[in-house]
Structures are given as structure tokens and as C-alpha cells.
Amino acid sequence: MPDKTGWWSCTVRKVDAEVRINAESSRSVRRAHPRSRSARWIVRVLNCLTHEHDPLLVLLAALVCLFGSSVTIRLAHRSLHARGSTGLHWLFLTSVCAGFSIWSTHFIAMLGYRPGVPVRFDATLTIVSALIAIGGTAIGLILARLRGRLSSALCGGGMIGLAICVMHYVGMFAYRPDGVVHWLPGYVAFSALCAMGFSAIAIDRLRAKRATAMGRAWDATLLLMAAILILHFVGMAAFVVIPIEGFGKGANSEVFSAMAAAIAVAAVVIVGTGVSTHLVEESRAEAQDRLRQLALHDMLTGLCNRYSFVTQLSDECELLVRHGQAFAVLMIDLDRFKAINDTLGHPVGDLLLKSVAQRLRRVARGGDLIARIGGDEFAIIAREIAGREAARNLAEEIVEALSCPFMLDGYVAEIGASVGVTLAPTDSSDAETLTQQADVALYRAKHEGRGRTCLFDPSLTRKMLERCALENELRLAWSNRSIEVAFQPIFDLRSARFTGAEALLRWHSPTRGEVPPGVFIPVAEELGLICAVGEMVLQTACAAAVKWPADLAVSVNVSPIQIMSGGLLDVVRNALDSSGLSPARLAIEITETSLLGDDEVVLRTLRELRELGLTITLDDFGTGYSSLGYLHRFPIDRIKIDRSFIASLPGDSSTASIVRAICQLGANLQLDVTAEGIENDAQLAFVAVNGCTHVQGFLLSAPLEACTVALLFDEQRQSFSAQQSAGDAFPASDHLVSIGAR
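Computed from a prediction, not measured in an experiment: that's the story for all the values here.

Caption draft 1: Region of the structure containing the overall build of the protein. Helix and strand content of the protein: 26 helices and 20 strands. For the protein, the residues scored as buried account for 46% of the 742 residues in total. When contacts within the protein are restricted to residue pairs at least 6 apart in sequence, those whose partners lie at least 24 apart make up 74%.

Right, dumping it as C-alpha cells:
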């Protein structure tokens with residue numbers, strides 16, 4: 001039997017000598033050619049890759065690395081942006097998938113290594129290397145959550161690269177070839193630097209992507225692949241195996257190939273599980289995003305809805321408190337939108353709203369928030385606004401943009417907009433207060449006329465509060481039936497007799513005293529009370545007039561809203577039927593505003609009232625549009641000269657000319673002419689001389705209660721009866737003097 005101890009010592013001495021000779025040769029080459037060092041390194045790595053590895057297993061390892069790196073980057077992105085317990089779940093899944101894909105790449109490539117000697121594996125170290133990859137990746141992902149982008153890249157990415165490095169070299173220690181192993185330290189150091197560097201850059205690129213904008217992320221995927229593959233093959237170039245004479249040649253390549261295939265399948269299954277989880281979660285996240293889109297945005301225009309507007313306004317107010325970032329709130333209300341929607345139809349109305357949204361996007365600045373908060377109401381949060389003048393300019397640009405005609409499916413629509421503006425923190429820092437202030441400014445803009453802008457002022461709040469108080473008191477007065485009807489007699493200048501009276505609304509407020517009809521009637525119209533109030537006036541007037549002498553009539557003012565409602569004829573019939581008053585004794589007074597609505601509806605309603613036997617009076621003639629076409633087109637029996645003209649008689653020559661012209665017009669058209677607001681003898685004399693047929697005013701009689709006016713009319717009837725029975729004349733001038741003396 002040969003002396004094995006002597007043989008082994010001899011073999012070791014030969015190997016040491018060969019290593020020393022190679023080392024001395026390398027040093028001499030480096031001294032002779034210092035610039036060729038990097039080239040030698042590259043040649044060494046390429047030689048290791050092409051001549052010392054099985055190309056099929058290298059390709060398989062690369063495919064596993066590509067698949068695993070792509071999935072790892074996607075899962076890591078979700079892990080970095082998840083919070084709470086969900087973040088821990090994603091961290092675990094990412095670590096397992098990433099660690100196993102890294103380990104599988106390493107192990108498959110290592111199985112493809114051909115050292116030329118038999119190879120064994122240490123099972124314990126092999127398992128430990130896999131656990132190092134998983135645990136190191138988890139620690140790296142935790143460090144990648146650091147706030148600073150640079151610190152997260154260096155710490156998190158560096159830790160992942162270090163884990164790849166430790167995993168590789170622990171796995172190499174588990175690789176037991178039957179030969180003498182020699183390590184090249186330079187390659188080891190370079191491989192570790194590459195792994196940590198490329199991993200750090202990959203984490204930096206991953207952190208640069210927003211939570212909602214992942215995309216393909218090929219840059220981070222390729223960087224992670226570079227970290228894994230460069231470390232492995234540079235590390236394998238640092239691994240030198242010198243065969244020992246007398247030992248077996250080569251490894252069991254068939255067994256290694258089978259092992260590599262099995263590991264690849266296992267890697268695909270595990271990483272595929274991560275892919276499936278990611279896809280399911282991504283589908284769920286997309287569904288949540290769609291629901292969030294529906295919950296926070298208007299489906300028609302794509303703008304933010306009211307809830308989103310209120311939420312973001314509250315957020316802006318919080319930022320204002322912390323950072324002092326000023327902004328403006330603009331409330332926008334479209335003018336004449338309802339008319340377009342009603343006449344052209346809802347589809348065209350929807351197109352109009354979409355076009356309005358597009359124009360608002362063009363006018364608004366990049367960081368501004370636009371919301372649709374109602375049917376035809378929009379709002380804008382103008383961030384970082386310079387001041388009141390800048391906010392006013394923005395509001396005027398909006399009005400100008402929305403005043404241009406819209407082309408809508410073959411139709412041309414012209415609308416407009418009114419804008420109310422408030423500024424934070426100048427006016428307030430509270431979200432609800434800012435909203436109220438912008439609404440108040442918008443109300444003021446609409447009140448002043450369409451197509452206006454208005455900046456909030458504290459005085460507007462006082463006016464709004466007064467208006468709200470008036471509305472509340474009016475509602476209370478109506479519910480308590482505190483609104484009463486008074487009657488002002490109408491005098492016929494031709495017969496020198498009262499021919500009836502006009503029913504007038506009177507409201508005595510406990511806090512405001514006597515409130516003029518010109519103040520509370522417009523409020524009643526806006527509150528929707530006017531139809532009910534008008535019906536009450538008709539019922540009361542007819543019930544009172546039926547007790548007067550049969551030749552006297554009662555006049556009742558009718559709101560344009562009552563006429564346009566379409567139910568005025570039925571209300572009049574009910575009032576006449578319930579009271580028993582003859583239709584010939586009821587006169588309806590309308591204003592010129594009533595004639596500006598739907599001509600067909602107004603004309604039909606007035607003709608039906610006329611056919612019923614009523615008299616139609618055009619009230620406040622001369623103060624509105626005063627179109628002579630109204631007198632020709634509509635069935636008018638009488639015109640009333642507004643008190644604003646009578647007040648300046650007879651001294652104002654211009655007003656006097658207007659009154660003469662109206663009286664002459666009435667005479668030529670065979671219409672009765674009534675002058676209201678007569679308060680002195682000079683006014684009475686002027687209108688009497690110039691052809692007025694009827695007069696009313698405080699000179700003749702103040703508005704009276706129903707019982708008082710009934711006594712007045714009964715006294716007149718008795719007086720005329722006595723005169724007629726005595727056969728005495730009753731000159732009109734004498735009666736006027738007696739009326740004026742009252």
C-alpha cells in the first residue's frame with residue numbers, strides 16, 4: 001500500500017508552488033503593464049462566465065433573475081408605500097419572493113459552475129444562505145422607508161446589496177469541491193461594491209416613483225439584476241479551484257442540471273405566488289380608485305364634487321394655519337342655464353356643462369382646484385393668489401370666458417356667469433366661513449345684475465343677515481296670518497265718484513313697524529310665498545267687494561310668477577265662486593315685467609281672464625320697457641301712470657310732458673288712464689286738466705280697512721241718492737274739494 005501521507009504532502013507542496021508561481025507571474029505582469037489591470041479583470045470574468053459555466057444553466061439563472069427582479073421591484077414599491085399592518089404583510093411577501101429569487105439565481109448559476117472536480121454541498125450552510133437573502137432583504141426594505149431619499153437609498157439599498165453579497169459567499173462556503181480552493185480578494189471586494197452600489201441606485205429609482213405611478217420600472221429592475229448577476233459572476237471569478245492528482249475528474253452534470261431545473265420551478269412557483277397576490281391587490285386597488293373617483297368627482301364634467309371641494313378646502317385652511325399659504329375661494333353661478341336646459345333639452349344642457357368645465361380648466365391656473373358643487377354652480381380654490389386684485393382679475397376672466405357663445409350639437413347657446421370671491425386669510429381662515437362669505441358675495445353679484453363679480457366685504461354679511469332676518473319674519477308673519485289687505489279708493493274724475501278700490505298688502509312687523517310692500521313682496525316672490533299670498537288677496541278682495549254697492553269694482557295686483565304658474569285662472573274662478581262677486585267687478589293689475597316672460601303663456605292667460613269678464617290694467621306704466629306693442633298685442637283696458645312721475649308734477653317740465661303724452665295715448669287708444677300717488681291739489685288739477693280719467697292717492701284717501709272703505713262707499717251711495725232725489729246738481733269740482741278736505 002502506498003504512503004498516502006507522503007503523497008498528500010507532496011501534492012500540497014506542488015499546489016502551493018503553483019499558486020506562488022501564478023501570483024508572482026500576476027505581480028510581474030501588473031508591474032510591466034499597470035494599465036491592463038482592468039482589462040485582465042474583465043477577461044477573467046468573461047472567461048469564468050463562458051468557459052467555466054454551463055451556458056444553459058447560466059441562461060436559466062438569468063431568466064429566473066429577470067422574472068424575480070421584476071416581481072421584486074413591483075412588490076417592493078407597494079411595500080414602501082403601504083402603511084400599518086398591510087405594510088407588514090407586503091414586507092413579508094416581498095422579502096420571501098426577493099430572497100428566494102436571489103438565492104435561486106445564485107444556486108442555479110452555481111450548479112452551472114464547472115470546476116473540473118467532484119463537488120458536494122453543505123446542506124446547513126445552503127439553507128442559511130437562503131435565509132440570509134430573505135432576512136437581509138427585509139431589513140433593507142425597512143431601512144428604505146427612511147424619510148430622506150439619499151439615506152434610504154444608501155441604507156436600504158446598501159443593506160440589500162450586502163445581503164446578496166453575504167448570501168453568495170455563505171453559499172460558496174457550502175460549495176465543497178474536491179480540490180484546493182484559492183480566493184482572489186480583489187474580485188471579492190469589487191463584487192461587494194457592485195452589489196451594494198447597484199442596489200442603492202435601484203432603491204433610489206424606486207423611491208422616485210409616486211405611489212400611484214409605478215409603471216413598468218424597468219430601470220430599477222435592470223439595476224437589481226445587475227447587482228445580483230455582477231456579484232455572482234465576479235464572485236465566481238474570485239473562486240479558483242485547483243484539482244488534486246489522483247481524485248475524480250468533473251462533477252455529476254446531469255444531477256446538477258436536474259437540481260437546477262427543480263430549483264427554477266420552485267422559484268417560479270414562489271415568485272409567481274407573489275405575482276398573483278400583486279395582481280389581485282392591484283385589481284382591488286384599481287376598483288378602489290374607481291370608487292374613489294366616483295365618490296370625489298362629478299361624473300358628467302370630471303371635476304371635483306362638493307364633498308371633495310369641502311375636504312380640500314379644509315385641508316387648505318390647515319395648511320394656511322401651518323404655513324401661511326394664502327388662497328381665494330370663488331363661487332360661480334351660471335346665468336340663464338335653466339332656460340337653455342328647458343328649451344333645448346337635458347342632453348344639450350349636459351353638453352353645456354361639459355363645455356363650461358373645459359373653459360374653467362383653461363382659465364384656472366395649474367394648481368387651482370375646480371369643482372362642480374351643484375346643478376349650475378361651480379367653485380374654484382385659487383391657491384397662492386397674490387391679493388384682492390389678482391382674485392378680481394381671475395373672476396373677471398371667468399365671466400369673460402363664459403360669456404362667449406357655446407356651440408352645442410348644432411345649437412348656439414349664450415349664457416353668462418356671476419362670481420363671488422373671498423380671500424383667506426384676509427377674510428377668514430375657517431372653511432365653512434369662507435364658503436358662506438363666497439356665497440354672500442355671489443348673491444350680491446347676482447343681485448346687482450348678471451355677468452358681475454363681487455369681492456366679499458364685511459358689510460355684505462350685515463346686509464345678508466338683515467335679509468335672512470327679514471325672510472324669517474316674513475315666513476312667521478305669513479304663518480300667523482299677520483299680513484293684511486287694505487283698500488285704497490279709486491276716484492273717477494268724469495263722474496266725480498269713487499268707482500272702486502285697489503287691494504293693497506300691508507304688513508306691520510313687531511320689530512320693524514310698517515314694512516313697505518316694495519320691500520317684502522320681492523322677498524315673498526323669492527321664497528315662493530307669492531302664489532299663496534296672491535290667492536289670499538284675491539279671496540279677501542272679492543269677499544270685501546261683494547258687500548259694496550253693485551257698481552263698484554275692486555282691483556288686485558298679480559305677480560308675474562302667478563301668471564307664469566299657469567294656475568291663475570283657477571284661483572280667480574275659485575275666488576269669484578266662493579264670494580259670489582260678478583267677474584265684471586274684478587280688475588287684475590299686471591306690471592310690464594309680467595309681459596316679458598313667455599308671450600304665449602301670458603297672452604293666453606290674459607285672454608282667458610278677459611273672456612271671463614275681468615278688466616285688465618297695466619300698472620306702473622312708463623317705468624319699465626314701455627313698449628307700445630304691449631298695448632296692441634295684449635288685451636289691456638286701463639293704464640296706470642306710476643307715482644314716480646306724479647311726484648314731480650307740475651314743476652318738472654319733462655315729467656309733465658311725459659304725463660301729457662301718456663294721457664293722450666290713452667285717449668287715442670280708448671283706454672282709461674289712472675294716476676296714482678296724488679298727494680296735493682296741484683297734482684290733482686294737472687292730471688284732471690290733461691285727460692286722466694281716474695286718480696288715487698293720499699289726497700283722496702289713504703288705504704283703509706275693509707269695514708272702513710265699505711262705510712265710505714255706503715256714505716257716497718247715500719249722498720248721491722239724496723242729491724238725485726232732491727234734483728240738485730253735484731258738480732265734480734265741488735266734490736273734489738270735499739274729498740280733499742277729508
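Next, the rest of the story.
Caption draft 2: Quick look at the environment of Ile641. Along the chain, Ile641 falls in strand 18 (residues 638-641). For the pair formed by Ile641 and Gly677, sequence separation is 36 residues and the distance between their alpha carbons is 9.1 Å. When neighbours within four sequence positions are excluded, Ile641 is seen to be in contact with Phe621, Ile646, Val659, Ile662, Cys663, Val673, Thr674, Ala675, Glu676 and Cys692.

Caption draft 3: Structural context of the sheet that holds strand 7 (residues 377-383). The 5 strands lie next to each other as 6-7-5-10-11, forming an open sheet whose pairing is mixed. Whereas interior strands pair on both sides, the edge strands pair on one side only; in this sheet they are strand 6 (369-372) and strand 11 (453-455). Direction aside, the axes of adjacent strands within the sheet are offset by 15 degrees on average. The sheet contact formed by strand 5 (residues 327-335) and strand 7 spans 7 bridges and is antiparallel. The partner of Ala328 across the bridge, within strand 7, is Ala382. Packing against the sheet, helix 13 (residues 388-403) makes contact with strand 5, strand 7, strand 10 (416-424) and strand 11, and its axis sits at approximately 165 degrees to strand 10.

Caption draft 4: Just the nonpolar core, in detail. Counting 80 residues, the largest nonpolar core has Phe487 and Leu586 as its most contacted members. When residues in this core are grouped by element, the largest group, 9 residues, is from helix 17 (residues 530-545). In this view, Leu586 contacts Leu538, Cys542, Val554, Val556, Val572, Leu576, Leu581, Leu614 and Thr615; residues no more than four positions away in its chain are not counted. Counting residues in hydrophobic clusters, the runner-up holds 52 residues, among them Val119, Ala133, Ala144 and Tyr169.

Caption draft 5: The arrangement of the packing of helix 11 (residues 337-344) against helix 12 (residues 346-363) in detail. Following both chains from N to C, one finds helix 11 and helix 12 inclined at 140 degrees, their axes separated by 6 Å at the closest point. Classified by the interaxial angle, the pair formed by helix 11 and helix 12 is oblique. The segment helix 11 lies against helix 12, with Phe337, Ile340, Asn341 and Leu344 engaging His346, Val348, Gly349, Leu352 and Leu353. Counted by class, the contact of helix 11 with helix 12 contains 6 nonpolar, 3 polar and no charged residues.

Caption draft 6: Here's a closer look at unusual backbone geometry. A cis amide bond links Ala424 with the next residue in sequence, Pro425, at an omega value of 5 degrees. If you trace the backbone, Pro425 turns up in the loop between strand 10 and helix 14 (431-448). Leu649 connects to Pro650 through a cis peptide bond whose omega is -5 degrees. Although it is not a glycine, Glu384 sits at a positive phi angle of roughly 50 degrees. Residue class for Glu384 comes out exposed when judged on its relative accessible area of 58%.

Caption draft 7: Region of the structure containing the packing of aromatic side chains. Applying the stated rule across the entire model yields 13 aromatic pairs. Between Phe100 and Trp103 the ring centres are 5.7 Å apart and the planes differ by 40 degrees, which places this aromatic pair in the tilted class. Of this pair, Phe100 and Trp103 both sit in helix 4 (residues 84-111), 3 residues apart, roughly one helical turn. Judged by relative accessible area, Phe100 falls into the buried class, the value being 17%. Taking 6.2 Å as the distance between ring centres and 50 degrees as the angle between the ring planes, the aromatic pair formed by Phe173 and Trp183 counts as tilted. Here Trp183 lies in strand 3 (residues 179-183) and Phe173 lies in helix 6 (residues 149-173), a separation of 10 residues in the sequence.

Caption draft 8: Expanded view of helix 5 (residues 123-143). For helix 5, which comprises 21 residues, the first-to-last C-alpha distance of 30 Å matches the rise-based estimate of 30 Å (1.5 Å per residue) to within 8%. For helix 5, the full list of buried residues reads Thr126, Ser129, Ala130, Ala133, Gly136, Thr137, Ala138, Gly140 and Leu141. N-cap assignment for helix 5: the residue whose side-chain oxygen lies 3.0 Å from the backbone N of Thr124 is Asp122.

Caption draft 9: A look at the packing of helix 5 against helix 6. As a packed pair, helix 5 and helix 6 sit with axes 8 Å apart at the nearest point and diverge in direction by 180 degrees. Comparing their axes, helix 6 and helix 5 come out roughly antiparallel. Residues Leu125, Val128, Ser129, Ile132, Ala133, Gly136, Thr137, Ile139, Gly140, Leu141 and Leu143 of helix 5 form the contact with helix 6, whose own contacting residues are Ser152, Cys155, Gly156, Met159, Ile160, Ala163, Val166, Met167, Val170, Gly171 and Phe173. Residues that form the contact of helix 5 with helix 6 fall into these classes: 15 nonpolar, 7 polar and no charged.

Caption draft 10: How the structure looks around a negative patch on the surface. Judged by side-chain charge, Glu389, Glu396, Glu397 and Glu400 come together as a negatively charged surface patch. Topologically, Glu389 is positioned in helix 13.

Caption draft 11: Just helix 16 (residues 517-527), in detail. Here helix 16 has its buried residues at Phe520, Val523 and Ala524. The buried residues of helix 16 occupy an angular sector of 105 degrees when projected down its axis, which confines them to one face. Opposite the buried face of helix 16, at more than 90 degrees from it, the exposed residues are Gly518 and Glu526.

Caption draft 12: The environment of Arg467, seen in detail. One can find Arg467 in helix 15 (residues 458-479). Classification of Arg467 by relative accessible area gives buried; the value is 17%. Sequence separation between Arg467 and Val523 is 56 residues; the distance between their C-alpha atoms is 8.7 Å. When near neighbours in sequence (up to four residues on either side) are disregarded, Arg467 contacts Tyr443, Val523 and Glu526.

Calculation rules
- Residues numbered from 1 in each chain as written.
- Predicted model: local features only at pLDDT ≥ 70, side-chain atom pairs only at ≥ 80, totals over all residues.
- Heavy atoms only, no water.
- Helix = DSSP H or I, 4+ residues; strand = E, 2+ residues; numbered from the N terminus.
- Buried < 20%, exposed > 50% of the residue type's maximum accessible area, 1.4 Å probe, protein only.
- Contact = heavy atoms within 4.5 Å.
- Pairing = 2+ DSSP bridges.
- Axes fitted to C-alpha atoms, helices over the stretch in contact; angles between N-to-C directions.
- Core = buried A, V, L, I, M, F, W, Y, C linked by side-chain atoms within 4.5 Å.
- Parallel < 35°, antiparallel > 145°, perpendicular 65-115°, else oblique.
- Nonpolar A, V, L, I, M, F, W, Y, C, P; charged D, E, K, R; others polar.
- Phe/Tyr/Trp six-rings, centres within 6.5 Å; stacked < 30°, edge-to-face > 60°.
- Expected span 1.5 Å × (residues − 1).
- Polar contact = N/O pair within 3.5 Å; in protein donor to acceptor, adjacent residues only side chain to side chain.
- Patch = residues over 30% accessible without salt bridge, like charges linked within 9 Å, V, L, I, M, F, W, Y side chains within 5 Å.
- Areas by Shrake-Rupley, 256 points an atom, 1.4 Å probe, with all protein chains shown as cover.
- Salt bridge = Lys/Arg side-chain N within 4 Å of Asp/Glu carboxyl O.
- Lys, Arg positive; Asp, Glu negative; His and termini not counted.
- Charge placed at Lys NZ, Arg CZ, Asp CG, Glu CD.
- Arc of directions from axis to C-beta.

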